[in-house]
Protein chains: 2
Amino acid sequence: MNETLKTIQTRYSCRSFKDASIEKEKVDAIALAGVQSPSGLNIQPWKIIVVQNKEMIDEMDKTLMNKLASLEDRSIYERMMNRGGNVFYNASCMYIVAKVPGKDLDCGIVVENMALAASSLDLGNVICGMAAMLINDECGAAYKEKLIPEGYEFGVALLVGYPVDTEGTPHEPDMSKIIYVK
Amino acid sequence: MNETLKTIQTRYSCRSFKDASIEKEKVDAIALAGVQSPSGLNIQPWKIIVVQNKEMIDEMDKTLMNKLASLEDRSIYERMMNRGGNVFYNASCMYIVAKVPGKDLDCGIVVENMALAASSLDLGNVICGMAAMLINDECGAAYKEKLIPEGYEFGVALLVGYPVDTEGTPHEPDMSKIIYVK
C-alpha cells in the first residue's frame, strides 16, 4: 500500500491535544494543501483562516461551552464534558475554511486535503463543524467579525495539534456503502 | 516533502483518458478510500456507486452531450467540444457519490479521498459535478433509477482512468487565500 493510501486509512479523529505548538513549516504545509484543492472551474470559492493564537482558541472554547451548557438540550454539552470538558480539545491551531455561500462541497474537499496533510505530518486533527455554533451565534459575533472575511461565511474548521495518544483508531469502513454496478 | 503532500501537490484534473481498463485492485482501493472518509458523528451519509461498464458511461456521455447541445446557452457544449467532444472524457470508471440530501460537505470529503487515492495509484481523475445535469434531468431518469439508491441523491462524481498525457498541471495555488490571524 502506498503512503497516500496509508495516510487515508490510518487517519483518525483526534480529540485530545498536547500543550505543544506546531512548527511553522507544518502549519504552512497544511494551509498550502488546502489551497491546492480542486474546485469547479477552478473558482476556489474559499479562504483559509489560520488561528494559532492559543489564548483566542481557548476563549472561543469557553464561550462555546458556556453556550452549550445553556441550551435546553444539553446532550452536546454532556458529550463534550465526557470527552474532557472542551469543545476544541486543546488544539494548538484552528483552520477555518470560509466559503462563498452554497459552496459546501468545495469546503469538504479543502478540509480533507488539510486533514490528510496534517496526518501525514504526524499531527492529530479533527474536522469540526460545531464551531459554526459559535461563529454563527450572537455569542460569537466578535469572532465572526475578526475571522470571517466579507462576502464569505463559516464553512468548516479543522483542529490540529500533537495528539496526547498517537494510537487513535479510525472508524471501521462500511463496505456495504459501496455498490458495484454491472 | 512526504508522499501524501506530494500527491496533494501534483494531483491535477485529467480531461482525457486512454482506452484502458483499470485493474480491479485499484478500482477497489479507490472505493475503499471513499468509505474511509470521516463524517460528523460518523454518520457516513453516503453511498459510493462504482460504474465500470464503459458502454453505459459512453451512453450517458452521449445523452448528456445531446442535452447540452440543445440548451439555449451553448457555452458548456462548446467548452466540451473544445476539450474533445465528450463530457466524461472517455473515463473507464465513474464513481458516483450519492448523498443524504443536504450532506454536500461530506460528499466533498469522500470525493477528495477517492481523487487522491486514484492519483497515488498513477490514475488520472477529475471531479465531475456536471453529471448532475444528466442524473437530475428528465433525459437521465433511467440512469437515476439504476444508479441512485432510494433515499439518496446525486452528490458528485469522480471520473477515473489512465491519462493520455501523464504530465498534467495542477492549478497555481493562490496564497492570498490563506489568512494568518495573530
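Now for a quick tour of the structure.

What counts, and where the lines are drawn
- Residues numbered from 1 in each chain as written.
- Chains lettered and ligands numbered in written order.
- Predicted model: local features only at pLDDT ≥ 70, side-chain atom pairs only at ≥ 80, totals over all residues.
- Heavy atoms only, no water.
- Helix = DSSP H or I, 4+ residues; strand = E, 2+ residues; numbered from the N terminus.
- Expected span 1.5 Å × (residues − 1).
- Buried < 20%, exposed > 50% of the residue type's maximum accessible area, 1.4 Å probe, protein only.
- Contact = heavy atoms within 4.5 Å.
- Salt bridge = Lys/Arg side-chain N within 4 Å of Asp/Glu carboxyl O.
- Polar contact = N/O pair within 3.5 Å; in protein donor to acceptor, adjacent residues only side chain to side chain.
- Least-squares fit on C-alpha atoms with pLDDT ≥ 70 in both.
- Buried area = accessible area lost by both parts, 1.4 Å probe.
- Pairing = 2+ DSSP bridges.
- Axes fitted to C-alpha atoms, helices over the stretch in contact; angles between N-to-C directions.

**Some details on helix α2 (residues 24-35) of chain B**
Here α2(B) contains 12 residues, and its C-alpha end-to-end distance of 17 Å stays within 8% of the 16 Å for a straight helix at 1.5 Å per residue. Buried within α2(B) we find Lys26(B), Val27(B), Ala29(B), Ile30(B), Ala31(B), Ala33(B), Gly34(B) and Val35(B). Contact partners of the buried residues in α2(B): α1 (3-10) and β5 (178-181) of chain A together with β1 (46-51), β2 (93-99), α5 (104-120) and β4 (153-161) of chain B.

**Focus: the pattern of salt bridges**
Taken as a whole and assessed by the stated rule, the structure comprises 14 salt bridges over all chains. Linking Glu153(A) and Lys99(A) is a salt bridge whose minimum nitrogen-to-oxygen distance equals 2.4 Å. Separated by 54 residues along the polypeptide, Glu153(A) in strand β4 (residues 153-161) and Lys99(A) in strand β2 (residues 93-99) bring together distant segments of the chain. For Glu78(B), the salt bridge goes to Arg74(B), with nearest N and O atoms at 3.9 Å. A single network of salt bridges, built from pairs that share partners, joins Lys99(A), Asp104(A) and Glu153(A).

**Describing the environment of Val50(A)**
Residue and element names in this part refer to chain A. As for its placement among the helices and strands, Val 50 is situated in strand β1 (residues 46-51). Residue classification places Val 50 among the buried positions, given a relative accessible area of 0%. On a C-alpha basis, the gap between Val 50 and Gly 40 in space is 24 Å, while along the polypeptide they are 10 residues apart.

**Let's talk about the side chain of Lys99(A)**
Residue and element names in this part refer to chain A. Assessed through its relative accessible area of 6%, Lys 99 is described here as buried. In terms of polar contacts, Lys 99 uses its side chain to reach the side chain of Glu 153, at 2.4 Å. Beyond its immediate chain neighbours, meaning those up to four positions away, Lys 99 contacts Pro 45, Trp 46, Asp 104, Cys 107, Gly 151, Tyr 152, Glu 153, Phe 154 and Gly 155.

**Quick look at the relation of the copies chain A and chain B**
Both copies of the chain are related by a screw-like operation: a rotation about an axis and a shift along it. Rotating chain A by 180° about the axis while translating it 0.0 Å along that axis superimposes it on chain B, leaving an RMSD of 0.0 Å. Overall, the copies show the geometry of a two-fold rotation axis. The residues that chain A uses at the interface reappear at the interface of chain B in 100% of cases, marking a shared surface.

**Looking at the interface of chain A and chain B**
Contacts between the two partners involve 61 residues from chain A and, on the opposite side, 61 residues from chain B. With both sides pooled, the region where chain A packs onto chain B buries about 5000 Å², and carbon together with sulfur makes up 63% of that total. Sorting the residues of chain A by area buried against chain B places His171(A), Lys177(A) and Val181(A) first, and these three jointly supply 14% of that buried surface. Inspection of the chain A/chain B interface yields 23 residue pairs in polar contact (both at pLDDT 80 or more). Breaking the side of chain A that touches chain B down by element, the ones donating at least two residues are α1, α2 (24-35), β1, α5 (104-120), α7 (141-147), β4 and β5 of chain A.

**Focus: the sheet that holds β5(A)**
Read from one edge of the open sheet, five strands run β5(A)-β1(B)-β2(B)-β4(B)-β3(B), paired in mixed fashion. The open sheet terminates on both sides in strands that have one partner only, identified here as β5 of chain A together with β3 (124-128) of chain B. Put simply, the sheet's adjacent strands are angled 20° from each other on average, direction ignored. One ladder, built from four bridges, connects β5(A) with β1(B); its direction is parallel. Bridged to Tyr180(A) within β1(B) is Val50(B). Sitting on the sheet, α5(B) touches β1, β2, β3 and β4 of chain B, and the angle it makes with β4(B) is about 10°.

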